[in-house]
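Analysis of the macromolecular model
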Amino acid sequence: MRFRKSSGGAFAIALSAAFLFNVPLLGAIFNSLRSDEAIASGALVWEFDSGFTHFQNALGAAGYDFPLFFRNSILISLGAVILVTVLAVPASYAVVRLGFGGPWILRIAVALRVIPAIFFLIPFYLMFSRFGLIDSIWVLILVDSFINLTLALLIFANALAEIPLEIEESAAIDGANVYQRLRHIVLPLLAPAMVSVAVLTFLFTWADYIFAVVLTASDATTVTVGAANFVTSYGIRWGDISAAVVLSIFPPLIFALFAQKFLVRGLASGAVKG
Amino acid sequence: MIPRTRDSRIAAWILTAPLLAFFALMLGYPLLVGLQTSVSRNQLSEPIVSFSGLDNFFRILTDPDFWGSIGFTLQFAFVATSLQLVLGFLLALVFDRKIPAKAALFSAVLVPIMIAPSLMAVMFRLILNENIGAIPAVFSLFGAQVSLFDPAKVFPLLILLDCIQFIPFTFLLFYASLQNISDELYEAASIDGARYSSTIWRIVLPILKPAIVVVVLLRILESIRNFDVIYILTGGGPGTTTQTVGIFIYKTAFQQGDFGAAAAASVILVLLLAPFTPWIIKKLSTSEKQ
């Protein structure tokens, strides 16, 4: 029997898990909100920093480049969302509905998930430095789109397979051509899948570290690289580091929490089905 | 599938052309560059790149550090995946019950999925820091010491951190699959007198088997490409004891400047995965059954 009754034990386990998974974030928030004096006097000492000094410092008051890193991460993540959608929606429609290329394109997409992304690290670096394109946000948009395309193709293919063919057939009889059907019938029905892909692509692009380390120097540095460098180079500015990390985490976190339903659906659809 | 007409065939090409062009640029060309580099003497210190045959492959295949990194990667992937599988499943069973404030707790458990692993790693460094970290402070109240620099504790700590980052993911996939099991099935089992544990063992687990296989594959593949967290936390140290194959490739290229050897190591890594690839593709191909 499935336990439908409320259970104190289950609640306690769920609560502890929810707490444990958030310990690192709570620690960073704790340090970002307490004063430098409190930080200096002990790991567990609390004194509220009412001026939010650490956040002001992280946002530029202390001369760090974090505002630039922020701008870069946002532009790169949005750019990847747009490029992935523009590339994957029409192509998966052609593959699933028009039978383009048989199963090959989806097989390539799955095969790409087997090849570790690190395989592309050296080729991308050599290729983009040959073209003199290191440290450009455009390059990171291309690379992150490439990394996220496979999941997007699988999610769109799954979603398209669920749209009844009859809707399109009756539109075809009424004289709608392929593009009209895609634009006016399929696209609106694909909207939930497009939100899923947008959330996941945004999250994973924001999360990229290794390609950003290798393919940027300073102008196109992202928040992940900036935060990691911050820990090593400004070793003792603990409050500022914590505030910078908290600020780096919140944009995608809030976006994803609002779109949690689509995040869950996208991950489940891209990973587990049938 | 829509019946194929001449128009729809042309449309299919037009709609797929941007993706094919993108794959040519970002997949085809880099593959060629990677293969070419793997058979070249390509070092940062030397301006001239020259053909070197299989020299890079011999050097990597006889490098104990490379095999050490493969061994560590497999060990890490095995331990982390097993724990994440079991604990993620148990947590999914807990959330499958009726609990107060379920929606809020569910969101809270999912938070690590929404945090970049590298930023998580930075926060781990802060919380484990001997001066400001809450964890060493709390443990020292009980007279225990926790340090990332202690060779005996670094592996369990890295596993713990990986679990915090990825149990939410295994949990989510299992929870989503559990929702597909109907109440009737549980009722039927209960009418037949099955206990909860045997219902889970004999009915739920067999139904979830395809999901479990996919979760295992995704987690192992993800673990193989693990770079961010371990690199930020330990840099592969102490020594090379926590060097994943990703860190090995990165260091070979960008610290030693030996792009040829790093490219060869990348090719060898893919070749090591190659025997399993058709099977993995079959298991992960879910959308071909229309």
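Because the structure is a prediction, the values reported are computed rather than measured.

1. Points about the overall build of chain A
Along the backbone of chain A there are 14 helices and zero strands. Starting at the N terminus and ending at the C terminus, chain A contains elements arranged as α-α-α-α-α-α-α-α-α-α-α-α-α-α. A principal-axis box enclosing the C-alpha atoms of chain A has dimensions of 75 × 65 × 30 Å. Split into buried and exposed, the 274 residues of chain A put 59% on the buried side. Put simply, of all contacts in chain A between residues at least 6 apart along the chain, 74% involve residues at least 24 apart. Accessible area for chain A stands at about 10600 Å²; split by element, carbon and sulfur atoms hold 68% of it.

2. A short note on the overall build of chain B
Per the secondary structure count, chain B includes 13 helices and two strands. Taken over the C-alpha trace, chain B has a radius of gyration of 24 Å; the compact-globule value for 290 residues is 19 Å, which it surpasses by more than 25%. Of all 290 residues assigned to chain B, the portion counted as buried reaches 55%. Taking as baseline every contact in chain B between residues at least 6 positions apart, the subset at least 24 positions apart corresponds to 68%. Here chain B has roughly 13200 Å² of accessible surface; of this, 67% comes from carbon and sulfur atoms. The distance from the centre of the 19 positive side-chain charges to the centre of the 17 negative ones in chain B is 6 Å.

3. With respect to helix H7 (residues 121-130) of chain A
The element H7 of chain A is extensively covered by neighbouring structure, given that seven of its 10 residues are classed as buried. When we look at burial in H7 of chain A, the residues that qualify are Leu-121, Ile-122, Pro-123, Phe-124, Leu-126, Met-127 and Phe-128 of chain A. Against helix H8 (137-162) and helix H11 (210-215) of chain A together with helix H1 (6-38), helix H11 (245-254) and helix H12 (259-273) of chain B lie the buried residues of H7 of chain A. Gly-132 of chain A sits one or two positions beyond H7 of chain A and adopts a positive phi of about 65°.

4. Digging into the nonpolar core
Phe-124, Phe-146, Leu-190 and Phe-211 of chain A together with Phe-95, Phe-171 and Ile-249 of chain B are the most contacted members of the largest nonpolar core, which has 198 residues in total. When residues in this core are grouped by element, the largest group, 16 residues, is from H8 of chain A. Among residues more than four places away in sequence, those in contact with Phe-146 of chain A are Leu-112, Phe-120 and Phe-124 of chain A together with Phe-22, Phe-23, Met-26 and Leu-27 of chain B.

5. Side note on the interface of chain B and chain A
Taken together, the 116 residues of chain B in the interface contact 112 residues of chain A. Both faces considered, chain B and chain A share a buried interface measuring about 9900 Å² in area, 78% of it formed by carbon and sulfur atoms. Summed over the shared surface of chain B and chain A, the result is zero salt bridges. At the boundary of chain B with chain A, the tally comes to three residue pairs in polar contact (both at pLDDT 80 or more). Ranked by residue count, the leading element in the side of chain B that touches chain A is H1 of chain B, at 22 residues. Residues belonging to the side of chain B that touches chain A are distributed by class as follows: 83 nonpolar, 23 polar and 10 charged.

6. Brief notes about the packing of aromatic side chains
Ring pairs (aromatic) are described by centroid distance and by the angle formed between their planes. Going through the model one piece at a time under the given rule, you end up with 38 aromatic pairs over all chains. Between the aromatic rings of Phe-120 of chain A and Phe-146 of chain A, the centroid separation amounts to 5.1 Å while the plane-to-plane angle is 75°, which identifies the pairing as edge-to-face. Taken as a pair, Phe-120 of chain A in the loop between helix H6 (104-114) and H7 and Phe-146 of chain A in helix H8 lie far apart in primary sequence, 26 residues in all. Per residue, the accessibility class of Phe-120 of chain A equals that of Phe-146 of chain A, and both read buried. Plain terms: the ring middles of Phe-76 of chain B and Phe-155 of chain B are 6.1 Å apart, the flat faces sit at 85° to each other, and that makes the pair edge-to-face. With a gap of 79 residues between them, Phe-76 of chain B in helix H3 (residues 64-95) and Phe-155 of chain B in helix H7 (residues 151-178) connect regions that are remote in the sequence. Taking the relative accessible area as the measure of exposure, Phe-155 of chain B reaches 21% and is therefore partly exposed. In this structure an aromatic cluster arises from ring pairing among Phe-119, Phe-120, Phe-124, Phe-128, Phe-146 and Phe-211 of chain A together with Phe-23 of chain B. In this arrangement the basic side chain of Arg-97 of chain B is found over the ring face of Tyr-196 of chain B, its NZ or CZ atom lying 5.4 Å from the centre.

7. Regarding the confidence of the model for chain B
Overall, the predicted model of chain B reaches an average pLDDT of 88, with 97% of residues at or above 70. Interface confidence in the predicted complex, given as ipTM, is 0.91; pTM for the same model is 0.92.

8. Concerning the environment of Phe-259 of chain B
Within the element layout of this structure, Phe-259 of chain B appears in helix H12. As a C-alpha pair, Phe-259 of chain B and Thr-37 of chain B span 222 residues in sequence and 7.1 Å in three-dimensional space. With near-sequence residues (within four places) excluded, Phe-259 of chain B lies in contact with Ile-122, Tyr-125 and Leu-126 of chain A together with Thr-37, Asn-42, Leu-44, Ala-253 and Phe-254 of chain B.

9. Let's talk about the environment of Phe-89 of chain B
Residue and element names in this part refer to chain B. Counting through the fold element by element, Phe-89 comes out in helix H3. Between the alpha carbons of Phe-89 and Gln-243 there is a distance of 29 Å; along the sequence they are 154 residues apart. When residues no more than four places from it in sequence are discounted, the contact partners of Phe-89 are Gln-84, Phe-174, Ile-200, Val-204, Leu-205 and Leu-208.

10. Brief notes about helix H5 (residues 117-128) of chain B
Residue and element names in this part refer to chain B. With 12 residues, H5 ought to run about 16 Å at 1.5 Å a step, and its terminal C-alpha atoms sit 16 Å apart, in line with that. With 10 of 12 residues buried, H5 lies mostly within the body of the structure. Where H5 is concerned, the buried positions are Ser-118, Leu-119, Met-120, Ala-121, Val-122, Met-123, Phe-124, Leu-126, Ile-127 and Leu-128.

11. Let's talk about unusual backbone geometry
Residues and elements named next belong to chain B. Note that the residue after Gly-237, namely Pro-238, is joined by a cis bond; omega there is 0°. A positive phi is found at Ala-101, a non-glycine position, where the angle reads about 55°. For Ala-101, the location among the structural elements is in the loop between H3 and helix H4 (102-110).

12. Focus on the pattern of salt bridges
All names here are of chain A. For the structure on display, the rule yields six salt bridges over all chains. For the salt bridge of Arg-237 with Asp-240, the shortest nitrogen-to-oxygen distance reads 3.0 Å. Taking the relative accessible area as the measure of exposure, Arg-237 reaches 33% and is therefore partly exposed. On the accessibility criterion, Asp-240 (0% relative accessible area) is buried.

13. A look at a nonpolar patch on the surface
On the surface, a cluster of nonpolar side chains totalling about 540 Å² of accessible area is made up of Leu-44 of chain A together with Val-138, Phe-139, Leu-141 and Phe-142 of chain B. By secondary structure assignment, the location of Val-138 of chain B is in helix H6 (residues 134-141).

14. Remarks on the side chain of Glu-168 of chain A
By secondary structure assignment, the location of Glu-168 of chain A is in helix H9 (residues 165-173). At 2.6 Å, the side chain of Glu-168 of chain A forms a polar contact with the side chain of Tyr-93 of chain A.

Reading guide: rules and limits
- Residues numbered from 1 in each chain as written.
- Chains lettered and ligands numbered in written order.
- Predicted model: local features only at pLDDT ≥ 70, side-chain atom pairs only at ≥ 80, totals over all residues.
- Heavy atoms only, no water.
- Helix = DSSP H or I, 4+ residues; strand = E, 2+ residues; numbered from the N terminus.
- Buried < 20%, exposed > 50% of the residue type's maximum accessible area, 1.4 Å probe, protein only.
- Contact = heavy atoms within 4.5 Å.
- Areas by Shrake-Rupley, 256 points an atom, 1.4 Å probe, with all protein chains shown as cover.
- Rg over C-alpha atoms; globule rule 2.2 N^0.38 Å.
- Lys, Arg positive; Asp, Glu negative; His and termini not counted.
- Charge placed at Lys NZ, Arg CZ, Asp CG, Glu CD.
- Core = buried A, V, L, I, M, F, W, Y, C linked by side-chain atoms within 4.5 Å.
- Buried area = accessible area lost by both parts, 1.4 Å probe.
- Salt bridge = Lys/Arg side-chain N within 4 Å of Asp/Glu carboxyl O.
- Polar contact = N/O pair within 3.5 Å; in protein donor to acceptor, adjacent residues only side chain to side chain.
- Nonpolar A, V, L, I, M, F, W, Y, C, P; charged D, E, K, R; others polar.
- Phe/Tyr/Trp six-rings, centres within 6.5 Å; stacked < 30°, edge-to-face > 60°.
- Lys NZ or Arg CZ within 6 Å of the ring centre and 35° of its normal.
- pLDDT = per-residue confidence, 0-100.
- Expected span 1.5 Å × (residues − 1).
- Patch = residues over 30% accessible without salt bridge, like charges linked within 9 Å, V, L, I, M, F, W, Y side chains within 5 Å.

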